[in-house]
Amino acid sequence: MAIRAMLAAVRNRSFTTAVAPRYRFLSTLVLAEHEGGSVKASSLSAVEAIKSLGEDNSVSILLAGSGPSLQEAAAQAASCHPSVSQVLLADSDKFTYPLAEPWAKLLHVVQKKGNYSHIVAASDSFGKNILPRAAALLDVSPITDVIEISGSHLFVRPIYAGNALSTIRYTGSDPCVLTVRSTSFPVVSMSAHSISSPAAIEQVDLSTFSEDDAVGKSRYVKLSSQDTERPDLGNARIVVTGGRGLKSAENFKMIEKLAEKLGAAVGATRAAVDAGFVPNELQVGQTGKIVAPELYMAFGVSGAIQHLAGIRDSKVIVAINKDADAPIFQVADYGLVGDLFEVIPELLEKLPEKK
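For the structure given in this document, a descriptive report is provided here. Computed from a predicted model, the values in this text were never measured in an experiment. (Residues numbered from 1 in each chain as written. Predicted model: local features only at pLDDT ≥ 70, side-chain atom pairs only at ≥ 80, totals over all residues. Heavy atoms only, no water.)

**Overview of the side chain of Gln86**
Under the convention used in this document: Runs of H or I in DSSP of at least four residues are treated as helices and runs of E of at least two as strands, each being numbered from the N terminus. Under this definition, polar contacts are N or O atom pairs within 3.5 Å; protein pairs additionally need one hydrogen-donor-capable and one acceptor-capable atom, and for neighbouring residues in sequence, both atoms have to be side-chain atoms. Between two residues, a contact is recorded if the distance between any of their heavy atoms is within 4.5 Å.
Inspection of the secondary structure assignment puts Gln86 in strand S5 (residues 84–91). At 3.0 Å, the side chain of Gln86 and the side chain of Ser60 are in polar contact. Once residues lying within four places of it in the same chain are set aside, the contact partners of Gln86 are Val59, Ser60, Ile61, Tyr116, Ala199, Ala200 and Glu202.

**Thoughts on the sheet that holds strand S14 (residues 265–268)**
What holds strands together in a sheet is hydrogen bonding between their backbones, with the strands either parallel or antiparallel. Inclusion rule: Pairing between strands is defined by DSSP: at least two bridges between the two strands are required. An axis is simply a line fitted to the C-alpha atoms; with a helix, the fit covers only the stretch in contact. Between two such axes, the angle follows the N-to-C directions and lies from 0 to 180 degrees.
If you trace the 5 strands from one edge of the open sheet to the other, you get S14-S13-S15-S16-S17, paired in parallel fashion. In this open sheet, the two edge strands, each paired with only one partner strand, are S14 and strand S17 (334–337). The sheet shows a mean angle of 15° between the axes of neighbouring strands, direction not considered. Against the sheet, helix H7 (residues 249–262) touches strand S13 (238–242), S14 and strand S15 (295–299), its axis set at about 170° to S13. On the sheet, helix H10 (residues 340–350) packs against S15, strand S16 (316–321) and S17 and is oriented at approximately 135° with respect to S15.

**Let's talk about the nonpolar core**
What counts, and what does not: Here, nonpolar core means buried Ala, Val, Leu, Ile, Met, Phe, Trp, Tyr and Cys residues that are tied together by side-chain atoms lying within 4.5 Å of each other. We call a residue buried when its accessible area falls under 20% of the maximum for its residue type, exposed when it is over 50%, and partly exposed in between, using a 1.4 Å probe and counting protein chains only.
One finds Leu31, Ile61, Leu62, Leu63, Leu106, Leu107 and Phe155 to be the most contacted residues of the largest nonpolar core, which totals 59 residues. Leaving out residues up to four positions away in the same chain, Phe155 has contacts with Leu53, Ile143, Val146, Glu148, Ile149, Ser166, Thr167, Ile168, Tyr170, Cys176 and Leu178. The next biggest cluster of nonpolar side chains, apart from the first, holds 24 residues, and it includes Leu246, Ala259, Val273 and Phe277.

This is the structure:
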């Protein structure tokens with residue numbers, strides 16, 4: 001009877017347990033990509049994202065490569081955000097190209113010395129290539145494609161092609177390795193920040209980095225990209241996308257002409273890329289580029305779930321398709337049921353030339 005009474009008393013009471021925080025000090029390492037002496041916008045978005053990890057977060061940016069462009073990018077990184085306290089430079093020909101093996105080993109070396117609580121990179125081809133391998137070397141599980149940071153170890157990421165959101169609490173050991181979707185963390189203009197002085201720039205000690213660490217199972221062959229003055233697809237304010245409805249690479253040139261008039265970037269669906277209309281670097285969607293322009297125009301795009309996953313963050317979506325039941329109209333802000341071979345020439349005729 002005494003035992004039963006004790007159990008009843010326990011069941012009828014409420015307990016409040018104070019749990020001491022696991023991490024009293026936050027320190028974050030941002031793996032940044034640079035090109036032409038400038039830090040890429042996607043990496044700056046990663047810096048912006050880590051503000052949500054918590055206060056008193058010591059932020060270091062890691063840049064690697066060689067030559068004058070690395071020094072120029074370092075100078076920009078040192079003044080890119082008031083939360084950045086340090087810029088780390090790995091100046092070596094081993095990091096001329098973003099191969100996973102040497103870069104992952106570099107992250108491993110820097111982490112062992114810095115003992116960071118978080119390692120963050122943008123969820124682009126650069127970050128997706130390097131961070132999973134680095135996480136394996138560090139024996140931790142990475143959390144990818146984060147779109148919201150609710151706490152130092154609480155994150156939101158899309159699943160099922162963006163049709164559902166998963167909230168994940170990281171309970172593993174340090175470091176917590178993340179890739180963040182840059183479109184979910186827009187960069188605040190420099191004028192909005194009060195940067196008293198640039199962050200310190202320090203060289204990474206590569207004395208423990210052997211030649212064997214730079215030789216892996218992958219090798220750099222070449223970089224293929226279109227020689228164009230159009231905006232970068234991932235950061236453009238306006239994106240004009242063509243789908244399989246254009247029927248041929250020759251017809252796809254109408255999309256390019258329209259984009260030139262609007263000062264827009266050109267995108268394509270996977271079906272258009274697979275058909276050989278355009279190179280795969282223009283693919284928009286779950287397996288291509290994730291975009292969030294102010295205006296997204298889709299011509300001949302049916303609206304497959306994988307494509308919609310890459311455009312959900314667009315401010316305004318305009319769809320033109322002759323099929324009134326096309327799924328693209330379910331997410332479009334403005335829709336026009338019509339023949340794109342009539343609509344595009346009319347737009348080209350009425351739109352003024354770009355100044």
